[in-house]
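Summary of structural features
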Amino acid sequence: MKKILLLPGDGVGPEIISQAKKLIEKLRSDHGLQIETSEALVGGASFDAYGSPLTDEVLQRAKEADGILFGAVGGPKWEVLEISQRPEIALLKLRSELGLFANLRPVILYPELADASTLKPEVVAGLDILIVRELTGGIYFGQPRGIRNNASGEREGYNTLVYSESEINRIGRIAFEIAAKRQGRLCSVDKANVLESTELWRQCITELSARYPAIELSHMYVDNAAMQLVRAPKQFDVVVTTNLFGDILSDCAAMLTGSIGMLPSASLNADNKGLYEPVHGSAPDIAGQNKANPIATLLSLAMLLKYSLDEVALADKIENAIQQVLAEGLRTADIYQPGNKLMGTEEMGDAVLDYL
Ligand code: NAD
């Protein structure tokens, strides 16, 4: 039986993961989902209990799981800790230990929420982009790195942007395969005119495209991509890019949809095992107040069902239930507009459950 590990974490994490648990129970009892779930502490909650944001035991359970549903970690309480003990380290360690090199960030704007975007409704209504970000390489991990004194005695900070062919090819393959299941268009974003590492990126992606003749491949420099994302975002289907560019572009794209509370994500390894989590953080300002929007987490559960368990029909059921809830005008505070019905986290979870 497939194993799912739930890691609620800190802040709003436990509140939003609770809503996902309701859906899992329903899918198990009424829709034949056969999975084993277990739960563990992570982040600040784990530090408080065990003196470490991610214990070896929980890491081992994460390695044995087929999928991990993660809430969020962090908060002001733990900001005084030295970096190696901070809650956020748990996430970085899970990503590197599990080899989660492909970060999938869908950017979908439900037509009912078109008014919540800062862009004109006609520019964003019906938006459906998938950003594939390389997650374990590039400048965030390249060596050497540090702060040193240079020859004239001045301090200088330095980092290394490096990508090997194999790193580019494995993320490229995932992006082409996903594009094949969508509209068949892939845009690779780089800065090949200035950075040799992304000149190689462009060469590798171009070579790879020979194996995927049905996919329409285009290349775009990152500065232009940033501009196009806010000018005419619907031109994109799947976007593949490096760790740094993906970090920035996916947050920019996220804001096209109006609320961070609506955006799920997946981080996959070569065996399609994955960690699924909402894009947002632990939202300490609203934690414990039944205000957090659980939809990003419920959509993350849908991605888990689709990508790690191959339960595409059950994933569709969750997505359809969410769409119906939105069509009914039910909203948490972050996506509320006059005329809607305002709900808390629990009530929103129950509403999705009803439509399921
Ligand atoms: P955040 O995403 O937690 O919050 C930003 C804003 O968005 C806040 O106003 C918050 O109330 C709102 N928000 C977030 N999620 C929401 C939801 N589901 N529904 C409604 N509103 C929501 O980012 P931050 O404030 O920069 O960070 C807070 C803490 O979270 C920090 O400790 C940070 O390190 C951590 N963090 C964790 C992750 C993660 O676990 N993956 C990601 C980002 C930040």
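Let me sum up the structure you'll find in this document. (Residues numbered from 1 in each chain as written. Predicted model: local features only at pLDDT ≥ 70, side-chain atom pairs only at ≥ 80, totals over all residues. Heavy atoms only, no water.)

1. Here we look at the site of the ligand
Where we set the bar: Here, proximity means that at least one heavy atom of the residue falls within 4 Å of the molecule or strand. We define a polar contact as two N or O atoms separated by no more than 3.5 Å, with the added condition that, inside protein, one atom must be a possible hydrogen donor and the other a possible acceptor, whereas residues neighbouring each other in sequence contribute only through side-chain atom pairs. Only runs of H or I of at least four residues qualify as helices and only runs of E of at least two qualify as strands under DSSP, and these elements are numbered from the N terminus. Residues are grouped as follows: nonpolar covers Ala, Val, Leu, Ile, Met, Phe, Trp, Tyr, Cys and Pro; charged covers Asp, Glu, Lys and Arg; every other residue, Gly included, is treated as polar.
Taken together, 20 residues are adjacent to the ligand, and Glu88, Gly281, Ala283, Asp285 and Asn293 come closest. Here His280 contributes a side-chain N or O atom positioned 3.1 Å from a nitrogen atom of the ligand. Contact distances for the ligand include 3.1 Å between an oxygen atom and a backbone N or O atom of Ser282. Counting residues per element, the ones that place at least two in the shell around the ligand are strand 3 (67-72) and helix 4 (88-97). Residue composition of the shell around the ligand, grouped by class: 9 nonpolar, 7 polar and 4 charged.

2. Some thoughts on the nonpolar core
To be explicit about the condition: Here, nonpolar core means buried Ala, Val, Leu, Ile, Met, Phe, Trp, Tyr and Cys residues that are tied together by side-chain atoms lying within 4.5 Å of each other. Per-residue accessibility, obtained with a 1.4 Å probe over protein chains only, is compared with the maximum for each type, and a residue is labelled buried under 20%, exposed over 50%, and partly exposed between these values. For this analysis, residues touch if any pair of their heavy atoms sits within 4.5 Å.
In this structure, Leu104, Val132, Leu305, Ile318 and Ile322 are the most contacted members of the largest nonpolar core, which totals 81 residues. Looking at this core, the element that brings in the most residues is helix 10 (residues 295-307), giving 8 residues. Sequence-distant contacts of Ile318, that is, excluding residues within four places in its chain, are made with Leu23, Leu27, Leu298, Leu301, Ala302, Leu305 and Leu356.

3. Side note on the sheet that holds strand 5 (residues 128-134)
Strand-to-strand pairing in sheets goes through backbone hydrogen bonds, with the strands running parallel or antiparallel. How we decide: Strands are labelled as partners when DSSP assigns at least two bridges between them. Note on geometry: axes are lines fitted to C-alpha atoms, helical ones only across the stretch in contact, with angles between N-to-C directions running from 0 to 180 degrees.
Spatially, 2-1-3-12-11-4-5-10-8-9 is the arrangement adopted by the 10 strands of the open sheet, whose pairing is mixed. With one partner strand each, in any of the chains shown, strand 2 (35-39) and strand 9 (216-221) form the two edges of the open sheet. Looking at each pair of strands side by side, their axes are set apart by 20° on average, direction ignored. Where strand 4 (residues 102-108) meets strand 11 (residues 264-268), 3 bridges bridge the pair, whose relative direction is antiparallel. Among the inter-strand pairings, Ala102 is bridged to a residue of strand 11, identified as Leu268. Running at roughly 105° to strand 9, helix 8 (residues 222-231) makes contact with strand 5, strand 8 (185-190) and strand 9 of the sheet.

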